[in-house]
Amino acid sequence: MRSDGPERMGRRTSRWTGSALAVLALLAAAAVRAGPAARSPGYDQLYRPQVHFSPRRHWMNDPNGLVYYDGWYHLFFQYNPYGSRWGNMSWGHAVSRDLLHWRQLPVAIPQGVHSMIFSGSAVVDWHDTSGFGIGARPPLVAIYTANPRRGAGPQTENLAYSTDGGLHWRKYAGNPVLDVGLRNFRDPKVFWYAPRHEWVMVVSRARARRISFYVSPNLKTWRHTGDFGPAGDTSGVWECPDLFRLPVSNRPGQFRWVLKVDAQQHQPGRGGGGQVFIGRFDGSTFRASNPRPQALDLGEDYYASASWSDLPHGAAPVITLGWMDNWLYAQQTPTTPWRGVMAFPRRLSLRFEHGADRLIQRPIAALAQLRGARRQLGPFAARQARTLLTVPARGAAHEIRAVLRLGASGRFVFTIGSREGRVVTVGYSAASGRFTVDRAGTYRFSRRFDSRNSARLPGHPHRLEVNLIIDRSSVEAFVNRGELTAAERMFPRGGAYRVTIRSNGARIERMSIWRLRSIWRDERPVP
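Reading guide: rules and limits
Residues numbered from 1 in each chain as written. Predicted model: local features only at pLDDT ≥ 70, side-chain atom pairs only at ≥ 80, totals over all residues. Heavy atoms only, no water. Phe/Tyr/Trp six-rings, centres within 6.5 Å; stacked < 30°, edge-to-face > 60°. Helix = DSSP H or I, 4+ residues; strand = E, 2+ residues; numbered from the N terminus. Buried < 20%, exposed > 50% of the residue type's maximum accessible area, 1.4 Å probe, protein only. Lys NZ or Arg CZ within 6 Å of the ring centre and 35° of its normal. Pairing = 2+ DSSP bridges. Axes fitted to C-alpha atoms, helices over the stretch in contact; angles between N-to-C directions. 1 Å grid on protein atoms, 1.4 Å probe; cavity = no way out; pocket = protein on both sides within 12 Å on 5 of 7 lines; lining within 4 Å. Points joined across faces, edges and corners; volume = space filled by probe spheres on them. Nonpolar A, V, L, I, M, F, W, Y, C, P; charged D, E, K, R; others polar.

1. As for the packing of aromatic side chains
Scanning the entire structure with this criterion turns up 36 aromatic pairs. Judged by centre distance (3.9 Å) and plane angle (10°), the ring pair of Tyr-43 and Trp-520 falls under stacked. In this pair, Tyr-43 is assigned in the loop between α2 (36-39) and β1 (58-69) and Trp-520 in the segment after β32 (497-516), connecting sequence segments 477 residues apart. You can call Tyr-43 buried: its relative accessible area is 8%. With centroids separated by 5.5 Å and ring planes inclined at 90°, the aromatic side chains of Phe-76 and Trp-169 adopt a geometry described as edge-to-face. Of the two residues, Phe-76 is situated in strand β2 (residues 72-80) and Trp-169 in the loop between β7 (156-162) and β8 (170-171); the sequence distance between them amounts to 93 residues. Under the relative-accessibility criterion, Phe-76 is labelled buried at 0%. Overall, Trp-169 belongs to the buried group, its relative accessible area being 1%. Within the aromatic cluster, the residues linked to one another by ring pairs are Tyr-43, Phe-53, Tyr-68, Tyr-73, Phe-77, Tyr-79, Trp-102, Trp-308 and Trp-520. Here the guanidinium or amino end of Arg-97 rests over the ring plane of Trp-72, the centre of that ring lying 4.8 Å away. One Lys or Arg, Arg-346, reaches over the ring of Tyr-302 and ends 3.7 Å from the middle of that ring.

Given below as structure tokens:
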């Protein structure tokens, strides 16, 4: 898809008079009327996730511009409209009413002649500080990094805006709005800081392992106010920062600021690279109170997570979405005609435990809407491997929730995989207090896919709650109500797999298993 000029994309919006909601419904209805040929290739291929978003075709990586407006959750994402490997980076676009059922729309912000559209964020400019608005409708403004397509020029921060609720976008004629002359200066996260009535930008100086802070009254002119880092994991370049405020759930009236940074990994067994600093933000700069950052996710496949802006009243304070892949092998995964999948959306909270604040991540509550009939088990022990599920190729996704009690040397392990040895194991040892995710097997598409990650659980518990979301090519684990999480891709040979549990010195007090309905169950508009 090509732009019809450096500042214009899509159809003219100056005469927009209808509701964006109505137009989205018309787009969805048009897709239905177009018939099966237009809807091809569908969402039922081998390894195609059934409860996770993936593009209909072609390459996808980082989530971008997550914003809620006029009843719709917008998901933009790094997208190659022309192939299933990284390149031609543009902003793909999908919308949802419930964060479950998604409809992919045309490319929102295509690459230009001179630059690709890298990661960024989006906001609703409720007070029209930018001056982009038309009438009473506030503009949506995207803030993204422009990366030169050729040569070694600087990465710059730029604006695009929409006056029709997010359907069509124009690039701002005054771009770039921030150019500091650096080759690695990217991934702006922007939000409104009410105490000072101004916008804040959090952006990465990637190779310096530093996060910079800027403020603006109008999204167009920016002033540098401070920096954070290097700190924590500096083994890889820093990318995709996010900053948000959360209440401490078990300390009424207390709040903390959370700075998330991804350190790009260069070898397996180091997890996805996300790290969490918890501390204070004064509108100018961030100061961490935790000397060692918390790992965001134990698994190999959780990167570039971002939070939704402008969430509706009554929603969780912070909802995030991450790319469930890893740069070590993402371009070789055996999927077609698409590559790339998002993790299940997470609701975030803070809890003070064992002398420190800790970020808690749990699946959004809407997961329950996908559940079919429940199968209940327990109490039981599983000294020999007990089969819980046998899933055929192109089978349904499932959720498992289990409560386990362990003796002093007790242990358990869930095994998800095929008879040929392509497995993911998820387990815990009470003796060491460590939770382990092990992905082994002969994966010919990449020698760097095998991995083993382990982390100590806070408090060395002897009673665990484990929640697993198992899709056709992924496993996500949420342990002790989100104290620890692990996201892993898997590709069982032929697509079929079994789920078993085995325990020693451990008892499964109760277990629930649900078959999950596909989010791609039909092609009708989202109700």
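2. A word on the pairing of strand β21 (residues 346-353)
Taken residue by residue, a regular strand's side chains alternate between the two faces of the sheet. Relative to β21, strand β19 (residues 318-323) is paired through three bridges, and the arrangement is antiparallel. Each bridged residue has a counterpart across the sheet, and for Thr-320 the counterpart in β21 is Arg-346. Bridge count for β21 against strand β22 (residues 356-363) is eight bridges, and the pairing is antiparallel. Across the sheet, residue Glu-353 finds its bridge partner in β22, namely Ala-356.

3. A few points about the sheet that holds β2
The strand order across the open sheet built from five strands is β4-β3-β2-β1-β20, with neighbouring strands paired in mixed fashion. Looking at the sheet topology across the chains shown, the edges are occupied by β4 (102-109) and β20 (338-339). Relative to β20, β1 runs parallel, the two sharing two bridges. Residue His-58 lies in a different strand from β20, and its bridge partner there is Trp-338.

4. Some points on the sheet that holds strand β9 (residues 185-193)
Here four strands make up an open sheet; going across it, the order is β9-β10-β11-β12 and the pairing antiparallel. The sheet is open, and its two edges are formed by β9 and β12 (223-228), each paired on a single side. Each neighbouring strand pair of the sheet contributes to a mean axis angle of 25°, computed without reference to strand direction. Relative to β12, strand β11 (residues 210-216) is paired through five bridges, and the arrangement is antiparallel. The residue of β12 that forms the bridge with Ile-211 is Phe-228.

5. Focus on the layout of surface pockets
Empty space among the atoms can be located by rolling a probe the size of a water molecule over them. Of the pockets and cavities examined, the largest pocket occupies roughly 1,100 Å³. Forming the walls of the largest pocket are 41 residues, and the residues nearest its centre are Arg-292, Pro-293, Gln-294, Ala-295 and Arg-358. Elements with a contribution of two residues or more to the lining of the largest pocket: β15 (274-281), β17 (294-295), β21, β22, β28 (451-456) and β31 (484-489). Taken together, the residues of the lining of the largest pocket break down into 13 nonpolar, 18 polar and 10 charged.

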